[in-house]
Structure formats: C-alpha cells, structure tokens
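# Per-entry structural report
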Amino acid sequence: IHPVPWLHFTPGVRFDRYGTSYYSGTLQDFTFAPGVVLSAHCPETGTATDGNTNNQGASCGNHQARTAVEPSINAAVQPKSWLTLYGGYVKTYRSPSLGGGGGIFQSKDANKYYILASGAYYQAGFKVHVAQFAHLKNVLFGAAYYHLNYSNEQLSVELGNGNVINTSGSSTYNGVNAYFDVDPLGGLHLFTNLNGEGASYSQFVSGGVEFAGLPVPYVPAETLNTGAYYVVAPHERT
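Residues numbered from 1 in each chain as written. Predicted model: local features only at pLDDT ≥ 70, side-chain atom pairs only at ≥ 80, totals over all residues. Heavy atoms only, no water.

## Quick notes on the overall build of the chain
Regarding its fold elements, the chain presents 1 helix and 12 strands. Its helices and strands in sequence order give the chain the pattern β-β-β-β-β-β-α-β-β-β-β-β-β, from N to C terminus. Relative to its 238 residues, the chain shows a buried fraction of 27%. Within the chain, contacts between residues separated by at least 24 positions form 59% of all contacts whose residues are at least 6 apart in sequence. As presented, the chain carries roughly 15,300 Å² of accessible surface, and 59% of it is formed by carbon and sulfur atoms. (Helix = DSSP H or I, 4+ residues; strand = E, 2+ residues; numbered from the N terminus. Buried < 20%, exposed > 50% of the residue type's maximum accessible area, 1.4 Å probe, protein only. Contact = heavy atoms within 4.5 Å. Areas by Shrake-Rupley, 256 points an atom, 1.4 Å probe, with all protein chains shown as cover.)

## Some thoughts on the packing of aromatic side chains
By convention here, two paired aromatic rings are described through the distance between centres and the angle between planes. Evaluation of the coordinates by the stated rule reveals 7 aromatic pairs. Centroid distance tyrosine 201 to phenylalanine 204: 4.8 Å. Interplanar angle 50 degrees. Geometry classified as tilted. Considered together, tyrosine 201 and phenylalanine 204 belong to a single accessibility category, that of buried residues. (Phe/Tyr/Trp six-rings, centres within 6.5 Å; stacked < 30°, edge-to-face > 60°.)

## Description of the pairing of strand S10 (residues 188–206)
One ladder, built from 9 bridges, connects S10 with strand S12 (residues 222–230); its direction is antiparallel. Bridge pairing in S12 places histidine 189 opposite tyrosine 229. Bridge analysis of S10 against strand S11 (residues 209–210) gives 2 bridges, and the strand direction is antiparallel. Counted as the bridge partner of valine 205 is glutamate 210 from S11. (Pairing = 2+ DSSP bridges.)

## Details of the side chain of glutamine 64
Among the secondary structure elements, glutamine 64 is positioned in strand S5 (residues 62–80). Within the local environment of glutamine 64, its side chain forms a polar contact with the side chain of asparagine 62, the two groups lying 3.3 Å apart. A polar side-chain atom of glutamine 64 sits 2.9 Å from a polar atom in the side chain of asparagine 111. (Polar contact = N/O pair within 3.5 Å; in protein donor to acceptor, adjacent residues only side chain to side chain.)

## Let's talk about a nonpolar patch on the surface
Residues Leu85, Phe126, Phe141 and Phe180 make up a contiguous nonpolar surface patch of roughly 310 Å² in combined accessible area. Take phenylalanine 126: it is sitting in strand S7 (residues 117–133). (Patch = residues over 30% accessible without salt bridge, like charges linked within 9 Å, V, L, I, M, F, W, Y side chains within 5 Å. Salt bridge = Lys/Arg side-chain N within 4 Å of Asp/Glu carboxyl O.)

## A closer look at the pattern of salt bridges
Close approach of charged atoms allows side chains of opposite charge to pair. Tallied over the full model, the rule gives 2 salt bridges. Across the pair arginine 14 and aspartate 16 runs a salt bridge, and its minimum N-O distance is 3.7 Å. Exposure remark for arginine 14: the relative accessible area of 49% places this residue in the partly exposed category. Linking glutamate 70 and arginine 14 is a salt bridge whose minimum nitrogen-to-oxygen distance equals 2.6 Å. Here the residue glutamate 70 occupies a position in strand S5, and arginine 14 occupies one in strand S1 (residues 7–22), the gap between them amounting to 56 residues. Overall, glutamate 70 belongs to the buried group, its relative accessible area being 5%. Linked through salt bridges whose partners overlap, the residues forming this network are Arg14, Asp16 and Glu70.

## What to know about the environment of threonine 92
Structurally, threonine 92 is set in strand S6 (residues 83–94). Residue classification places threonine 92 among the partly exposed positions, given a relative accessible area of 33%.

## Brief notes about the side chain of aspartate 181
Here aspartate 181 shows up in strand S9 (residues 164–185). The side chain of aspartate 181 sits in the buried core without any salt bridge; lysine 127 is the nearest counter-charge, 10 Å away. At 3.1 Å, the side chain of aspartate 181 forms a polar contact with the side chain of histidine 189. Residues contacting aspartate 181, with those up to four places away along its chain left out, are Asn138, Val139, Leu140, His189, Leu190 and Phe191. (Lys, Arg positive; Asp, Glu negative; His and termini not counted.)

## Some remarks on unusual backbone geometry
Unlike most non-glycine residues, alanine 134 shows phi in positive territory, near 55 degrees. Inspection of the secondary structure assignment puts alanine 134 in the loop between S7 and strand S8 (136–158). Owing to a relative accessible area of 62%, alanine 134 belongs among the exposed residues under this scheme.

## Focus: the environment of phenylalanine 9
Looking at where phenylalanine 9 falls in the secondary structure, it is placed in strand S1. With 67 residues separating them in the primary sequence, phenylalanine 9 and alanine 76 have C-alpha atoms 6.6 Å apart. Those residues within four positions of phenylalanine 9 in sequence are excluded, and the remaining contacts are Ile1, Pro3, Asn74 and Ala75.

Printed below as a string of structure tokens:
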C-alpha cells in the first residue's frame, strides 16, 4: 500500500492449523519384580488402569489440533532516495516440542498441555544505501532495535539424578543489530555485522522456584561477524 511515493505499508495475515497424532504401538516384553503392577492412563477417554508403577509407554493414542491467526504489519518511510526508516510487528505461533519420554501425550494430559507457543516480534530501524561515495561503491549500513515476547514455550529441565521434567514459561528478548558493507575498490568487498542482545525469563517456575528475571541460557550477549572477499571475473574469449 503506497498512499504517497515515500510511504509504504505491507499488511499481512496467515491462518495456521497444527495437528499432532500420537500412536502407542511399542512392543513390550519385560520381566518385572514380584508385586509390580503397571499403571496406564488415557487422557483422551479418561480411562485408567491402577497400579503401583507408572508405564508411560502404555498411554493410548491421541490426536490434538490447534488453529491460529498470525497478523503482521510493516511500514517504511523513504525521505531520501538513499535513506529508509522502517518498523514492523508480527505475531507467530509454533507447535510445542514433543520429543522425549514423560512429556505431552504420555505423562502429561495433551488436552491440557498441548498449547501453541507464540512470539510477538517488533522491530524499528534505518538503512542507508549510497551507490557511490568518493571512491567507495555500494555503501550500505544501518541499525535496528528488536523486541520479542516468547510465550508458552515448552522447557525441559534435567535434574541432578538424570531425570527430565517438562514445564513451560515465557521469555523476553531485546537487542540491537548494526551492519556495514562496502566495495572499496575493484572486486573487494568488506562486511561487518554487530549484535547485542539481552534475554531473560518473564515467567518460569520449576520445582517451586521462580526464575523470572534470570537470563535465558545459551543466548550470547554480543556477537561480531566481519570479513572480506575478493571477486575475480575471468574474461571471455572467442
């Protein structure tokens, strides 16, 4: 949508349907100690077999389906031919991670815990592109701020004894990204990308302990990528 030549809007909407089926067809052949009675449950029908030992593999088959609407809007202002200011918002969803024993469809009721994770993403920034500046060509640089709210994410926590418990939570990501590209001469190209990011849990409870405000692990605070390459174009001969 271009109401005026220097203003651009790009709205969007996407409809999603997620479907996951679980089939319990594992062949079981075990010799148990005297007195062991397996327990089994079927969250879909509500039926259960009482026992004194859990049997996750005995859960019945199940199917869950969820639908979602993902809206988005992006806007760009171009006050100069070489300068663009932009911003946008998008809402996305994804199916939860289901791998591993003891999770959804097994020890957890899928009717209750099969919840789509959602991400609300905002960004705003600028970009400058100059075809020729003095002896430099294709000068491209810019920076952007981004913010992500990641909700209803499935989290696996490994305990000291090796067992894994499944829980859920939400986290927030804030970051700034900057980049610079230029062709200083001939076929030589230089590029640099710098990113700074902070990520923390906004809601996460495990084992009765609240982890809100603590950093999300394995998210680097700063990253730097820089390099150069040279292009040699062979001449065609007849």
